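# Topology and contacts: notes
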Amino acid sequence: MKTCPHCHNENPVDFSYCRYCGNALNGVPENKPKSIWKRLPAWVWIILIVGGIAALILTLIGSFIAIATMEGVASIVILICGIVGFGVIPLRRPDRAGSFARAIGLSFFALMGATVDQTGNFLYNKPIEMCFCHDGTSLTRDIDVTNPIPGQTNITQDYTCYDSTGKAAKTINIFAVLGIRFVEYVILGYLLIALRQVRWRIKNNR
Ligand SMILES: [Zn+2]
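As the structure is a computational prediction, the values presented were derived from the model and not from experiment. (Residues numbered from 1 in each chain as written. Predicted model: local features only at pLDDT ≥ 70, side-chain atom pairs only at ≥ 80, totals over all residues.)

### Comments concerning the overall build of the chain
- Broken down by element type, the chain carries 6 helices and 5 strands.
- Each helix and strand of the chain, placed in order from N terminus to C terminus, yields the pattern β-β-α-α-α-α-α-β-β-β-α.
- On C-alpha atoms alone, the chain measures out to a radius of gyration of 32 Å, which is more than a quarter above the 17 Å that the 2.2 N^0.38 rule sets for 206 residues.
- If one aligns the C-alpha atoms of the chain with their principal axes, the spans along those axes are about 105 × 55 × 30 Å.
- When burial is assessed residue by residue, the chain has 17% of its 206 residues classed as buried.
- In the chain, the share of contacts with a sequence separation of at least 24, taken over all contacts with a separation of at least 6, comes to 51%. (Helix = DSSP H or I, 4+ residues; strand = E, 2+ residues; numbered from the N terminus. Rg over C-alpha atoms; globule rule 2.2 N^0.38 Å. Buried ≥ 20, exposed ≤ 12 C-beta atoms within 10 Å, placed from the backbone. Contact = placed C-beta atoms within 7 Å.)

### Digging into the sheet that holds strand β3 (residues 138–146)
- Taken in spatial order, the 3 strands line up as β3-β4-β5 in an open sheet, and their pairing is antiparallel. Looking at the sheet topology across the chains shown, the edges are occupied by β3 and β5 (168–172). Across the sheet, the mean angle from the axis of one strand to that of its neighbour is 35°, orientation sign disregarded.
- In terms of strand pairing, strand β4 (residues 154–162) meets β5 through 4 bridges, oriented antiparallel. Each residue of the ladder has a partner; that of Y159, found in β5, is I172.
- Contacts between helix α5 (residues 122–132) and the sheet are confined to β3, β4 and β5, with β3 contributing the most and set at about 110° to the helix. (Pairing = 2+ DSSP bridges. Axes fitted to C-alpha atoms, helices over the stretch in contact; angles between N-to-C directions.)

### Notes on the packing of helix α4 (residues 99–116) against helix α6 (residues 174–203)
- Interhelical geometry of α4 versus α6 gives an angle of 135° and a closest axis separation of 8 Å. One finds that α4 runs oblique with respect to α6. Considering how the two elements wind past one another, α4 and α6 form a crossing that is right-handed. Contact residues: L106, F109, A110, G113 and A114 in α4; L178, R181, F182, Y185, V186 and G189 in α6.
- When the residues that make up the contact of α4 with α6 are grouped by side-chain class, the tally is 8 nonpolar, 2 polar and 1 charged. (Parallel < 35°, antiparallel > 145°, perpendicular 65-115°, else oblique. Left-handed = near helix turned anticlockwise from the far one by under 90°. Nonpolar A, V, L, I, M, F, W, Y, C, P; charged D, E, K, R; others polar.)

### Side note on the domain arrangement of the chain
- When cut into domains, the chain gives domain 1 (1–32) and domain 2 (70–203).
- Spacing between the C-alpha centres of domain 1 and domain 2 amounts to 74 Å. (Domains from an automatic or database assignment.)

Here it is as structure tokens:
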């Protein structure tokens, strides 16, 4: 006889399930409850999938707007890309890359900086102010958001020098801004390459 582990009644030896309570007798695998994911009805899955896609799109749009409008966001993102790309963190052995390969790496980095980091930040926009805003005027960055056709949003940066009375003294050509940004990112790239060499020397005590 088999004793049921649930109700403790006796069952014949060849029984797999208890004849009193229906539970599995010893030696028979119990039916495990299905995981919560398998018990979800289809309509819940629809909500989860649609919600997930919507969240992904909103995150992408949000990142795009943050990069295009908030000073410093793109700078930080590209700085992190540069730190990894130029092998500072995680530290890579300084390569013997020729000038041409180095120029390609620096150009790519600077082009990315000039096109993506149009807002810049307080530090990166100082040289623009020094170059273009003379006679006590100061630089202000505004954003022009236009919707030329439904579904298309253009965000352009507007760099203007204002005098102390708040009058616009000079609007700076955006291509001049991009040119300065490009040079800034070339310099930043060189700094990152140098930082990698320094880290490597410290690590190897040389
Ligand atoms: Zn039983």
